[in-house]
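# A closer look at the structure
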Amino acid sequence: MKKSNTRKRRKKNRETEKHFRLNGHILLLAAILILAVTAVVKLAIWNKGVKSDFDPDNIAEGYDVEALDTIIPLSESKLEGHEDDGVTTVLCLGNSPLTDETGEKSLTSLLSSKTNATVYNGGFPGSTVGARYSSYNEGYPKDIFNLPYVAQSICTGDFSRIESAAAAEENGLYRQTAETLKSIDYSKIDIIAIIYDGTDYLAGIPSDNPNDPHELSAYTGGLRVAIETIQNTYPYIRIVVMSHTFAQSIDADGNYQNGGMADLGNGALPHYLLKEIDVAISCGVSIIDNYYGTINEDNYLDYMSDNIHLNDAGREIMAERLAEFVNTGRTSVR
């Protein structure tokens with residue numbers, strides 16, 4: 001009896017093991033099938049891909065670029081001992097962007113209306129950032145209108161050369177600016193904005209002198225000397241450089257050449273911009289990039305009257321950019 005029961009249990013156990021082995025094979029086969037189906041589906045999706053927005057027939061007219069602005073607050077230590085009169089006062093130094101229009105639609109008038117600041121126009125027509133000569137040459141009195149010499153006159157308080165050179169000019173704006181600069185109380189100035197177009201580039205002024213970073217007759221040298229001269233005399237004045245905008249040169253045949261690519265012997269406009277940015281940052285002052293960020297190769301027809309000068313819309317947008325800097329500066333360290 002016991003042997004019969006044992007045989008029955010063994011038989012039952014063999015059937016159970018066989019059943020489990022069968023189920024295990026089925027489960028393994030099912031898993032393999034699932035993996036195979038999943039792989040096929042994923043492969044099909046991958047082959048199909050995702051719909052692209054790329055249009056092969058579209059011709060791009062420009063590139064997406066980011067403005068190279070660098071905003072540097074003025075150190076609180078620079079304000080020690082200086083009494084703030086509570087009125088924001090801005091002096092603009094530069095050339096055509098300031099002098100082409102001097103009425104209600106001028107850049108300085110627009111800036112004043114957008115900021116409620118007192119704004120002085122210290123622009124000289126046709127002037128440049130770099131000087132013509134590395135030291136003042138009596139035979140070329142117009143050099144005194146260029147940035148490093150203007151900064152020198154402001155900081156020494158000696159405007160006699162500027163007044164003398166201005167008196168010899170037919171354009172009354174020279175005399176008007178000379179009188180303005182001489183009359184300013186510089187203890188009241190909060191911001192000096194340096195605003196020049198691409199005239200240095202067109203005039204063939206070298207972008208820099210690698211052997212002398214303070215070379216007055218180089219673009220970067222003139223800028224560096226002007227900034228440092230002002231900083232040494234008026235450390236409490238915050239300086240901002242408004243870079244040149246897009247511009248075009250005109251070749252001997254009267255054809256317009258893209259300033260972004262045409263090298264007139266000292267680099268194209270982007271080269272001048274990068275050099276300008278380097279000087280501003282090394283001197284610890286702010287710079288607003290107008291070449292990429294304001295008036296560029298894609299939109300210049302809307303903002304320029306010719307190859308280099310701004311129209312009313314151009315002065316408007318330049319004033320907006322500078323006004324944002326002035327207004328933002330009121331909520332932080334000047």
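Here's what I pulled together on the structure shown here. (Residues numbered from 1 in each chain as written. Predicted model: local features only at pLDDT ≥ 70, side-chain atom pairs only at ≥ 80, totals over all residues. Heavy atoms only, no water.)

With that settled, consider the packing of aromatic side chains. How two aromatic rings sit relative to each other is set out by the distance from centre to centre and by the angle between their planes. One pass over the structure, following the stated rule, counts twelve aromatic pairs. A centroid spacing of 5.9 Å and a plane angle of 70° characterise the contact between Tyr-133 and Tyr-140, whose relative ring orientation is edge-to-face. Classification of Tyr-140 by relative accessible area gives partly exposed; the value is 26%. The residue whose ring lies beneath Arg-132 is Tyr-140, and the NZ or CZ to ring-centre distance is 4.8 Å. (Phe/Tyr/Trp six-rings, centres within 6.5 Å; stacked < 30°, edge-to-face > 60°. Buried < 20%, exposed > 50% of the residue type's maximum accessible area, 1.4 Å probe, protein only. Lys NZ or Arg CZ within 6 Å of the ring centre and 35° of its normal.)

Before going further, it helps to spend a moment on the pattern of salt bridges. Within this structure, the stated rule accounts for seven salt bridges. Across the pair Glu-138 and Arg-161 runs a salt bridge, and its minimum N-O distance is 3.7 Å. With a gap of 23 residues between them, Glu-138 in the loop between strand E2 (118-123) and helix H4 (147-156) and Arg-161 in helix H5 (residues 160-167) connect regions that are remote in the sequence. Residue Arg-161 is classed as partly exposed on the basis of its relative accessible area, which comes to 40%. As a salt-bridge pair, Arg-315 and Asp-312 come within 2.7 Å of each other at their nearest N and O atoms. Linking Arg-315 with Asp-312, this pair stays in helix H12 (residues 312-329), spanning three residues, or about one helical turn. Since its relative accessible area comes to 6%, Arg-315 is described here as buried. We classify Asp-312 as partly exposed; its relative accessible area is 36%. Each of the salt bridges in this network shares a partner with another, and the network as a whole consists of Lys-105, Asp-312 and Arg-315. (Salt bridge = Lys/Arg side-chain N within 4 Å of Asp/Glu carboxyl O. Helix = DSSP H or I, 4+ residues; strand = E, 2+ residues; numbered from the N terminus.)

Here we come to the sheet that holds strand E3 (residues 191-195). The five strands are arranged E2-E1-E3-E4-E7 in an open sheet whose pairing can be described as parallel. Bordering the open sheet on either side are E2 and strand E7 (286-288), each of which pairs with just one other strand. For this sheet the average axis-to-axis angle between neighbouring strands, irrespective of direction, equals 20°. In this structure, strand E1 (residues 89-94) lies alongside E2, joined through six bridges in parallel fashion. When the bridges of E2 are listed, Cys-92 appears paired with Asn-121. (Pairing = 2+ DSSP bridges. Axes fitted to C-alpha atoms, helices over the stretch in contact; angles between N-to-C directions.)

Moving on to H4. Across the ten residues that make up H4, a large majority, eight, are buried. The inward-facing, buried residues of H4 abut E1, H5, helix H6 (172-183), E3 and helix H8 (219-233). Of the residues one or two after H4, Gly-157 is the one with positive phi, at around 80°. (Contact = heavy atoms within 4.5 Å.)

The geometry of helix H3 (residues 107-115) relative to H12 is characterised by a closest axis approach of 9 Å and an angle of 45° between their N-to-C directions. Comparing the axis directions of H3 and H12 gives the class oblique. The handedness of the crossing between H3 and H12 comes out as right-handed. Contacts from Leu-107, Leu-110, Leu-111, Lys-114 and Thr-115 in H3 reach Arg-315, Glu-316, Met-318, Ala-319, Glu-320, Leu-322, Ala-323, Val-326 and Asn-327 in H12. (Parallel < 35°, antiparallel > 145°, perpendicular 65-115°, else oblique. Left-handed = near helix turned anticlockwise from the far one by under 90°.)

In this section: helix H9 (residues 269-282). A rise of 1.5 Å per residue sets the reference length of H9, with its 14 residues, at 20 Å; its end C-alpha atoms lie 20 Å apart and thus fit the reference within 8%. For H9, the full list of buried residues reads Leu-269, Pro-270, Tyr-272, Leu-273, Glu-276, Ile-277, Val-279 and Ala-280. Buried residues along H9 sit against helix H7 (199-203), H8, strand E4 (238-242), E7 and helix H10 (290-293). Gly-284 sits one or two residues past H9 and shows a positive phi near 75°. (Expected span 1.5 Å × (residues − 1).)

The values are spatial; any link to function lies outside them.
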